[in-house]
Amino acid sequence: MRDGNDAVRQENRKALPKFALIMVCSMALGAVLGISMLFLHPEDLDAALTAAGTFFTTKLAGWLVPAVPVVELAVCLPLYFGAKRRLAAWDGEDEEASSRIEMRVCVCMWIAGLSTVLAFFLLAALLSGFAAMDGDPMRVTPALFFGGLGGFIAQLAVNMVLQQKLVDLTKRLNPEKHGSVYDVKFQKTWYESCDEAERLLIGQCALKAYQAMCTACLALWVALTLGGMFFRWGFLPAMALCIVWGAGQSVYCYWCVKLAKPGGTM
């Protein structure tokens, strides 16, 4: 037991100097930023940010929403049809060719996911601009407003059909896979059809995503806290971020406890 405790203490002593250096540098950077804001007249920057936000929500967001599905199709369709042609020519044994097909499918899925997130962001910007500028000369025009709504609906439809095509292509490549994107339990069904190696890969990717989420949340918390102090953003943005942050932490810890129990399963 003593050897175990000594090993633990040695690891802590080894890691502590680097951790302390990071904390000191972070506090120094925070102090520099805080002092700098006192001399940079944040009210001027606040006015510039407000003007830029107004222009974006009233003049740009409505045009960008319908552009999202167009760009998504322009990028993803060549990749999809390329993967489909490779699958048609596949002999069923060439693993390198199979990996190329899966890579194209993964890239398309990545683009589709980011496009959907971008569309949700742009719709939120459009709606906020429409509500805030009601009666103002710079208000969102009805054509721009309904055009943005139509573009958002088109994005959802394009994304759903594209994902269905990509999943079907993957199932033809891997006949053991099961599930339809139109099934509300698709993710569970798909996971259950994966073998142990694929589940291990999913777990490793999920861990990387969790780590990235925690890092991003911390960086955003700093930015939103400074915005609340100097730009009158209030505490609601930071509160919304902390809700997401806490939800991710809670779900991760809940499943750690659940799966650690004897017989614990998904």
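For the structure, check the block above.
Residues numbered from 1 in each chain as written. Predicted model: local features only at pLDDT ≥ 70, side-chain atom pairs only at ≥ 80, totals over all residues. Heavy atoms only, no water.

Novice: Honestly, the overall build of the chain in this entry has me stumped. Any pointers?
Specialist: When its secondary structure is counted, the chain shows 7 helices and 0 strands. The linear arrangement of helices and strands in the chain, starting from the amino end, is α-α-α-α-α-α-α. Per-residue burial over the chain gives 25% buried out of 266 residues. Taking the contacts inside the chain whose residues are at least 6 apart along the sequence as the reference set, 64% of them involve residues at least 24 apart. Accessible surface, the chain as shown: approximately 18100 Å² in total, 70% of it carbon and sulfur. (Helix = DSSP H or I, 4+ residues; strand = E, 2+ residues; numbered from the N terminus. Buried < 20%, exposed > 50% of the residue type's maximum accessible area, 1.4 Å probe, protein only. Contact = heavy atoms within 4.5 Å. Areas by Shrake-Rupley, 256 points an atom, 1.4 Å probe, with all protein chains shown as cover.)

Novice: I tried to follow the packing of aromatic side chains on my own but got confused; where do I start?
Specialist: For any pair of aromatic rings, geometry is given as the distance between the ring centres together with the angle between the planes. Inspection of every chain in the model, using the stated rule, returns 8 aromatic pairs. Taking the centre distance of 5.4 Å and the plane angle of 80 degrees together, the rings of Tyr 254 and Trp 255 count as edge-to-face. Given the relative accessible area of 27%, Trp 255 is considered partly exposed. Here a set of aromatic residues connected by ring pairs shows up, and it is made of Phe 130, Phe 145 and Phe 146. (Phe/Tyr/Trp six-rings, centres within 6.5 Å; stacked < 30°, edge-to-face > 60°.)

Novice: Before we go on, may I ask you to explain the nonpolar core in this structure?
Specialist: What tends to happen in soluble globular proteins is that the nonpolar side chains get buried as a cluster. Residues Cys 76, Tyr 80, Ala 83, Leu 87, Ile 101, Val 105, Cys 108, Ala 112, Leu 162, Leu 166, Leu 169 and Leu 173 constitute the largest nonpolar core, which totals 12 residues. Contributing elements (two or more residues each) for this core: α2 (42-89), α3 (95-132) and α4 (142-173). Contact partners of Leu 173, with chain neighbours within four places excluded, come to Leu 87, Trp 90, Ser 98, Ile 101 and Glu 102. Membership of the second largest hydrophobic core comes to 7 residues, among which are Cys 214, Cys 217, Leu 224 and Leu 241. (Core = buried A, V, L, I, M, F, W, Y, C linked by side-chain atoms within 4.5 Å.)

Novice: Sorry if this is basic, but what is going on with the pattern of salt bridges here?
Specialist: Between side chains of opposite charge, a pair can form when the charged atoms approach closely. Enumeration according to the criterion identifies 4 salt bridges in this entry. Across the pair Asp 168 and Lys 171 runs a salt bridge whose closest N-O atoms are separated by 3.9 Å. Placement of the pair is Asp 168 and Lys 171 together in helix α4, with a separation of 3 residues, close to one helical turn. On the basis of relative accessibility, which here comes to 21%, the residue Asp 168 falls in the partly exposed class. Classification of Lys 171 as partly exposed rests on a relative accessible area of 24%. Salt-bridge contacts for Lys 177 lead to Glu 176; the nearest nitrogen and oxygen are separated by 3.6 Å. We classify Lys 177 as buried; its relative accessible area is 6%. Look at Glu 176 and you get partly exposed, because its relative accessible area is 40%. (Salt bridge = Lys/Arg side-chain N within 4 Å of Asp/Glu carboxyl O.)

Novice: What is the right way to read the side chain of Gln 164 from this model?
Specialist: Mapped onto the secondary structure, Gln 164 falls in helix α4. By relative accessible area, Gln 164 is classed as buried at 17%. For Gln 164, the side chain forms a polar contact with the side chain of Tyr 182, separated by 3.1 Å. If we ignore the near neighbours within four places in the chain, the residues touching Gln 164 are Val 181 and Tyr 182. (Polar contact = N/O pair within 3.5 Å; in protein donor to acceptor, adjacent residues only side chain to side chain.)

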